[in-house]
Amino acid sequence: MSGSDSSIKRSPGGGPGGPDDCAIVFETTLASPNPAVIEDLGPSEILDLASVEEPIRGVVAFVIGGPMVGAITQQIVALRRCIELGNEYEAEVLHREGGSVRVQVRPR
Amino acid sequence: MKIVGGTYTESVVEPGSEEIMGSGLRAAAALAPHLNDLSLITAIDSDMAEPVTWIANALGVHRVVLERSEPVGFRYMTPVSSPLINGIGATLEDDIIVEDSTALLFGLVERHLGERKVDAPTIVLDPQKPRDTEQLQLSDLTYDRLVVVANRSETMQLGRESLSVSEAARSLLYSSQASAIVTKQGAAGCLVTWRDGSHVRQETVGAHPTRRVWPIGSGDVFSAGFSFALSEGAHFVEAARVGSRSAAHWVSTQQPDVPASILRGESTGGVLNPRKAQVYLAGPFFTTGERWLIETVRDTLNSLGVSAWSPVHEVGHGDDIAEADLDGLRNSDAVLALLDHSDAGTIFEVGWAVARDIPVVGFGRVVEKEGMKMLGGSAVELHRDLATACYRAAWAGMGMRTIAGWLT
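Attention here is on the structure that accompanies the text.

Conventions adopted
Residues numbered from 1 in each chain as written. Chains lettered and ligands numbered in written order. Predicted model: local features only at pLDDT ≥ 70, side-chain atom pairs only at ≥ 80, totals over all residues. Heavy atoms only, no water. Helix = DSSP H or I, 4+ residues; strand = E, 2+ residues; numbered from the N terminus. Buried < 20%, exposed > 50% of the residue type's maximum accessible area, 1.4 Å probe, protein only. Contact = heavy atoms within 4.5 Å. Areas by Shrake-Rupley, 256 points an atom, 1.4 Å probe, with all protein chains shown as cover. Salt bridge = Lys/Arg side-chain N within 4 Å of Asp/Glu carboxyl O. Pairing = 2+ DSSP bridges. Axes fitted to C-alpha atoms, helices over the stretch in contact; angles between N-to-C directions. Patch = residues over 30% accessible without salt bridge, like charges linked within 9 Å, V, L, I, M, F, W, Y side chains within 5 Å.

Focus: the overall build of chain A
Helix and strand content of chain A: two helices and seven strands. Counting over 108 residues, chain A shows a buried share of 48%. In chain A, 58% of the contacts between residues at least 6 apart in sequence involve partners at least 24 apart. With the model as given, the accessible surface of chain A reaches about 5100 Å², and the carbon-plus-sulfur share is 52%.

Shown next, in the form of structure tokens:
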């Protein structure tokens, strides 16, 4: 956690809480992006999100009707739960920087 | 390579962010695509087991998972705030036995009650203990060379009663009998201190300014890039350059893995050599929220390697403060302006600085759109992201050219 030069304060127990709903919206950078696929991504392109078991077990972003772009590694517990409840999500490409893809995840 | 480090929840209030990461998982994710034999030894609690499996698989991280007694999480108000730690009483009873050619060891939040034994020709130790710093625990480590990677306050505390970072690093080199000490200094890059025969040498490696900065985890990625380069035979200074470029890539993109080109040592250009700089902190300080922000930003600028000049701290409240404040402004190398609600005094100071070619970086989330046109259309670099604004102001003080208009 170092990298910023700040002292650490301590608080007893508890953990980060949040509303227990599926109106999940956040920005994130895709993990393990497929270089061949991200080359062709357009600005503001909308990607599908799906909960998968292969090739990895998690939540991944796909080109609509096309190949996998990369994986989501944030808010993964809530996303998996909400997808299992029948909610659908999309990811809008915000910007690309070299091999990185920044997206906004939101309900479809 | 083996990495020993934490897996923790990390949440930020503003901007909202929540993820499962931690120093160990982050460092492992940074290097996983590039090392077939990389393994992370980390502890988790039972609540985290399934999500950690998903995340680690998505990141390609091979791991050995130990059990800790309770959840541990870091909660930040902003990415430049000190975190609150939940689960500080967590314990880990399993033994940690590591043998490899290179080991990267991060300090853990969990109290380790088992046995630790690390045997590696190269050990990189990142203690992660900015407060309550005990002596470094080295007796259970077997190595040919030890490198301690610590931030500025850790180095000052471990270097006991030293007057400067340079002196503290030398003191720590002697007391730990390490081969090298790398002191991370935020926006000011890092200081490498190493033994060269009977001499001790020091060299500064500059930071790489980026257009956006997410600082949480930057130190972890630095240590990962540094350790990788060291394991590939790089000298301490060259390895620190790889660490610095790796950290810059992380803060700019939040891409979990470091690109191969950076780990290979390819230059990314744009190094800023640090120098002493004073940054004037322009902003209102009349409400509790405003004063909170001033305190947070002042602490941040001071921790980034520049000297913050804050009117309320240097001059105070009162009626006859204008000339004293302008004296501070006149002698500053850059300005960080807090622009929410367009406080008249702050806007005046921005204009005064721009007229004298003092670079200005502004931060605001609730600003008058029409009013910002003069600022952004002339010379002021504007940000909606607080961490980025702080870093950019520090870099501007050190000589980076600002970019007029909204960057974040």
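Quick look at the pattern of salt bridges
All names here are of chain A. By the definition in use, this model includes 24 salt bridges over all chains. Two residues, Glu90 and Arg106, come together in a salt bridge whose shortest N-O distance is 2.9 Å. A residue pair is termed long-range when its members are at least 10 positions apart, and Glu90 in strand E6 (residues 89–97) and Arg106 in strand E7 (residues 100–107) qualify at 16 residues. A cluster of three or more residues bridged by salt bridges with shared partners is formed by Asp48, Glu90, Glu92, Arg106 and Arg108.

Looking at the sheet that holds strand E23 (residues 381–383) of chain B
Residues and elements named next belong to chain B. With parallel pairing, six strands are arranged side by side in an open sheet as E20-E19-E21-E22-E23-E24. The sheet is open, and its two edges are formed by strand E20 (307–309) and strand E24 (405–406), each paired on a single side. Where strand E21 (residues 334–338) meets strand E22 (residues 360–363), four bridges bridge the pair, whose relative direction is parallel. From the neighbouring strand, Leu338 faces E22, where its bridge partner is Phe363. The sheet contacts of helix H10 (residues 322–330) involve strand E19 (278–282), E20 and E21, and relative to E19 the element is tilted by about 140°. On top of the sheet, helix H11 (residues 344–355) reaches E19, E21 and E22; it is set at about 155° to E21, its chief contact.

Description of the sheet that holds strand E14 (residues 141–142) of chain B
Through backbone hydrogen bonds, the strands of a sheet pair up, either in parallel or in antiparallel fashion. Residues and elements named next belong to chain B. If you trace the three strands from one edge of the open sheet to the other, you get E9-E12-E14, paired in parallel fashion. Lying at the two open borders of the sheet, with one neighbouring strand each, are strand E9 (96–99) and E14. In this structure, strand E12 (residues 116–119) lies alongside E14, joined through two bridges in parallel fashion. Along E14, the bridge assignment pairs Val118 with Leu141.

Some thoughts on the pairing of strand E10 (residues 102–106) of chain B
Residue and element names in this part refer to chain B. Of all five residues that make up E10, five are buried, and the element is covered over most of its length. Because side chains alternate across E10, one face comprises the buried residues Thr102, Leu104 and Phe106, and the other comprises Ala103 and Leu105, equally buried. For strand E1 (residues 2–4) and E10, the ladder comprises three bridges, and the chain directions are parallel. Residue Val4 lies in a different strand from E10, and its bridge partner there is Leu105.

Concerning a nonpolar patch on the surface
Together, Val13, Met77 and Trp292 of chain B give the surface a local cluster of nonpolar side chains, amounting to about 260 Å² of exposed area. Inspection of the secondary structure puts Trp292 of chain B in helix H8 (residues 288–303).

Examining the environment of Ala337 of chain B
Residue and element names in this part refer to chain B. Note on placement: Ala337 falls in strand E21. Take Ala337: its relative accessible area is 0%, and that puts it in the buried class. When residues no more than four places from it in sequence are discounted, the contact partners of Ala337 are Ala282, Thr346, Val350, Val360, Val361, Gly362 and Phe363.

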